[in-house]
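# Summary of structural features
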Amino acid sequence: MKGKVQFFAVGLIVAVMAVSSAGAGGRQQFPFAGGRVTAVDKKTITVEGFNGSRKINVTDKTKFTKSVEGKLSDVKKGAKVAVRGQTSGDGKTIEAETIMLNPPPPMMRGGRPGGAPGGPGGPPGGRPGGFGGWQPPTRGAVTSVSPLTVKTEDGKSVTVKTTAQTKVFITKAASLSDVKKDEFITAMGKPGANDSIDAETVRIGGGFGRSGGGRPSGGRPGGAGR
């Protein structure tokens with residue numbers, strides 16, 4: 001079940017980006033790939049996502065990171081975090097579902113899908129559509145652990161409420177040797193030959209049950225999952 005949730009979450013990001021890039025001449029315009037690893041060698045990772053099979057080219061300059069599960073006690077003052085959950089109407093409180101320590105930068109900026117890649121989290125259900133309504137995670141630095149408070153990137157102070165169900169994930173350095181068949185990964189880089197990706201970064205595993213980000217350009221891709 002965990003694997004299905006990861007595949008669903010990573011696949012949603014890929015589906016959104018495929019729709020967003022369609023008007024720009026196809027998938028190759030978006031230097032992003034994500035999905036389940038089907039093959040790995042010294043220079044190439046092959047993944048299977050909602051868009052089908054995609055090759056990710058790696059070099060000794062490709063930066064690898066891995067998401068591992070942690071605990072609330074790992075959240076310390078000064079730590080960089082990205083928090084996913086239900087935000088209050090005034091934006092001053094968030095009921096945390098997931099907290100990512102040392103989060104990677106948003107996948108994309110400028111109104112297109114961004115935020116942390118998908119992973120263990122909310123259950124799959126329904127057809128993927130209306131991605132533009134999802135909210136990006138709250139990013140910032142921890143200024144207090146009791147109560148847990150985060151100063152966001154735009155200078156606001158947000159109180160983070162946690163429960164026994166709140167999940168904590170930690171971003172750690174990794175390498176190509178950590179990429180295994182059936183792992184779920186996301187990669188960013190530059191367009192390569194034959195619709196491949198020349199990867200600058202590869203992230204192993206997840207941390208958020210949904211992809212974060214603003215509304216894709218051109219409106220909501222409501223039929224992406226059909």
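Before reading further, recall that the structure is shown in the block above.
Cut-offs used in this document
- Residues numbered from 1 in each chain as written.
- Predicted model: local features only at pLDDT ≥ 70, side-chain atom pairs only at ≥ 80, totals over all residues.
- Heavy atoms only, no water.
- Helix = DSSP H or I, 4+ residues; strand = E, 2+ residues; numbered from the N terminus.
- Buried < 20%, exposed > 50% of the residue type's maximum accessible area, 1.4 Å probe, protein only.
- Contact = heavy atoms within 4.5 Å.
- Areas by Shrake-Rupley, 256 points an atom, 1.4 Å probe, with all protein chains shown as cover.
- Pairing = 2+ DSSP bridges.
- Core = buried A, V, L, I, M, F, W, Y, C linked by side-chain atoms within 4.5 Å.
- Salt bridge = Lys/Arg side-chain N within 4 Å of Asp/Glu carboxyl O.

This paragraph deals with the overall build of the chain. Each helix and strand in the chain was counted, giving 1 helix and 12 strands. Ordered by position from the N terminus, the helices and strands of the chain form the series α-β-β-β-β-β-β-β-β-β-β-β-β. Across the 226 residues of the chain, 46% fall into the buried class. Restricting the contact set of the chain to residue pairs at least 6 apart, pairs at least 24 apart contribute 70%. For the chain, the accessible area works out to roughly 11300 Å², and carbon and sulfur atoms hold 50% of it.

Remark: a regular strand shows side chains that alternate across the two faces of the sheet. One ladder, built from 6 bridges, connects strand β4 (residues 63–69) with strand β10 (residues 167–174); its direction is antiparallel. Note that in β10 the partner of Phe 64 across the bridge is Ala 174.

Looking now at the nonpolar core. Counting residues in hydrophobic clusters, the biggest one holds 15 residues, and the most contacted among them are Val 75, Val 81, Val 83, Ile 99, Leu 101, Val 142 and Val 160. Residue contacts for Val 160: discarding those within four places in its chain leaves Val 83, Ile 94, Ala 96, Ile 99, Leu 148 and Val 150. Val 47, Ile 185, Ala 199 and Ile 204 belong to the second largest nonpolar core, which has 14 residues in total.

What follows is about unusual backbone geometry. Each neighbour pair has its own omega, and for Ser 146 with Pro 147 the value is 0°, a cis peptide bond. By secondary structure assignment, the location of Pro 147 is in the loop between β7 (138–145) and β8 (148–152). You will see that Asn 102, though not glycine, has its phi angle at about 50°, which is positive. Of note, Asn 102 is situated in the loop between β6 (93–101) and β7. Not every positive phi belongs to a glycine, and Asn 194 is a case in point at roughly 55°. Note on placement: Asn 194 falls in the loop between β11 (184–191) and β12 (197–204).

A few words now on the pattern of salt bridges. As enumerated under the stated definition, the model contains 4 salt bridges in all. Between Arg 36 and Asp 182 there is a salt bridge, with its nearest N and O atoms 2.9 Å apart. Here the residue Arg 36 occupies a position in strand β1 (residues 32–40), and Asp 182 occupies one in the loop between β10 and β11, the gap between them amounting to 146 residues. Residue Arg 36 is classed as partly exposed on the basis of its relative accessible area of 28%. With a shortest N-O distance of 3.3 Å, Asp 195 and Arg 54 are connected by a salt bridge. Here Arg 54 lies in strand β3 (residues 52–57) and Asp 195 lies in the loop between β11 and β12, a separation of 141 residues in the sequence.

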